[in-house]
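# Structural characterization, general
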Amino acid sequence: MRITGTIVNYYIHCKRQCWLFAHKMNFEDDSEDVRTGRILHEIRSEGRNNTEIQIEGIKVDKMTEEYVVELKKSDADVEATKWQTLYYLYILKQKGLDRKGRLEFIERNKQNHRTVELELDKRTEPELIRLLDDIEVYLQQDKPVPAIYAKKCERCAYYAYCYI
Ligand code: SF4
């Protein structure tokens, strides 16, 4: 199974969501949150250069000479976005493109606008490789882990699937 940035993100956010998404059980088009995120992204991207770059299956929100930029509408799960972006840096590095990562959380007001910078370095790269191995093994299971019953479930596109 081909790993993507979204799969890496979901593995950190919720392993059950990761398995369901990777096995093509995708209810995200029904989610108001996902629609809002997409619209915000389109508004923010309008008229900019270097938006939404696609390279062999990698789809990044923006790439400059120095950075891969990942735009998110909320900073609810920074850790998941961090590993998603490190995965992009890793794939790009294999293609000879060395970049740093920058996360921009775009729905916050200007005073609180938050950015996080990342690097694929001696510490994060081996951790990422271990994470990718773990994801490969997990996705070979014939069913996902049980639902987690956490606060984040309330806003999840899989809520109805998991609980109703
Ligand atoms: S509803 Fe909860 S358990 Fe189910 S996929 Fe979403 S976050 Fe995971």
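Note that this is a predicted model, so its numbers are computed, not measured. (Residues numbered from 1 in each chain as written. Predicted model: local features only at pLDDT ≥ 70, side-chain atom pairs only at ≥ 80, totals over all residues. Heavy atoms only, no water.)

Count 3.6 residues to each turn of an α-helix, and residues three or four apart come out pointing the same way. For helix H5 (residues 124-139), spanning 16 residues, the distance from its first C-alpha to its last is 22 Å, which sits close to the expected 22 Å at 1.5 Å a residue. Its buried side turned inward, H5 meets helix H1 (5-13), helix H2 (15-22) and helix H4 (78-94). (Helix = DSSP H or I, 4+ residues; strand = E, 2+ residues; numbered from the N terminus. Expected span 1.5 Å × (residues − 1). Contact = heavy atoms within 4.5 Å.)

One pass over the full model with this rule turns up five aromatic pairs. Centroid distance Tyr-10 to Phe-21: 5.2 Å. Interplanar angle 80 degrees. Geometry classified as edge-to-face. Of this pair, Tyr-10 sits in helix H1 while Phe-21 sits in helix H2, and the two are eleven residues apart along the sequence. Its relative accessible area of 10% is what places Tyr-10 among the buried residues. Ring pairs connect the aromatic residues Tyr-149, Tyr-159 and Tyr-163, which therefore count as one cluster. Taking the ring centre of Tyr-11 as reference, the NZ or CZ of Lys-15 above it sits at 4.5 Å. (Phe/Tyr/Trp six-rings, centres within 6.5 Å; stacked < 30°, edge-to-face > 60°. Buried < 20%, exposed > 50% of the residue type's maximum accessible area, 1.4 Å probe, protein only. Lys NZ or Arg CZ within 6 Å of the ring centre and 35° of its normal.)

To continue, consider the site of the ligand. Around the ligand, the neighbouring residues are Cys-14, Arg-16, Gln-17, Ala-147, Ile-148, Cys-153, Cys-156, Tyr-158, Tyr-159, Cys-162 and Tyr-163. By residue number, the principal contributor to the shell around the ligand is helix H6 (residues 159-163), which donates three residues. Grouping the amino acids of the shell around the ligand by side-chain chemistry returns nine nonpolar, one polar and one charged. (Near = heavy atom within 4 Å. Nonpolar A, V, L, I, M, F, W, Y, C, P; charged D, E, K, R; others polar.)

Next up on the list: the environment of Ala-80. Along the polypeptide, Ala-80 turns up in helix H4. With relative accessibility at 0%, the residue Ala-80 sits in the buried group. As for Ala-80 and Ile-7, which are separated by 73 residues in sequence, their C-alpha atoms are 9.9 Å apart. Aside from chain neighbours lying at most four places away, what touches Ala-80 is Asn-9, Ile-12 and His-13.

Here we come to the packing of H1 against H4. In the contact formed by H1 and H4, the axes pass within 8 Å of each other and the chain directions differ by 150 degrees. With respect to their mutual orientation, H1 and H4 come out roughly antiparallel. Once H1 is placed against H4, the crossing between them reads as right-handed. Residue-level inspection shows Gly-5, Thr-6, Val-8, Asn-9, Ile-12 and His-13 of H1 in contact with H4, the latter providing Glu-79, Ala-80, Thr-81, Trp-83, Gln-84, Tyr-87 and Tyr-88. Among the residues forming the contact of H1 with H4, the class breakdown is six nonpolar, six polar and one charged. (Axes fitted to C-alpha atoms, helices over the stretch in contact; angles between N-to-C directions. Parallel < 35°, antiparallel > 145°, perpendicular 65-115°, else oblique. Left-handed = near helix turned anticlockwise from the far one by under 90°.)

At Lys-24, a position not held by glycine, the phi torsion is positive, near 65 degrees. Note that Lys-24 resides in the loop between H2 and helix H3 (32-45). Under the relative-accessibility criterion, Lys-24 is labelled exposed at 74%. A positive phi angle, close to 55 degrees, is found at Tyr-149, a residue other than glycine. Of note, Tyr-149 is situated in the loop between H5 and H6.

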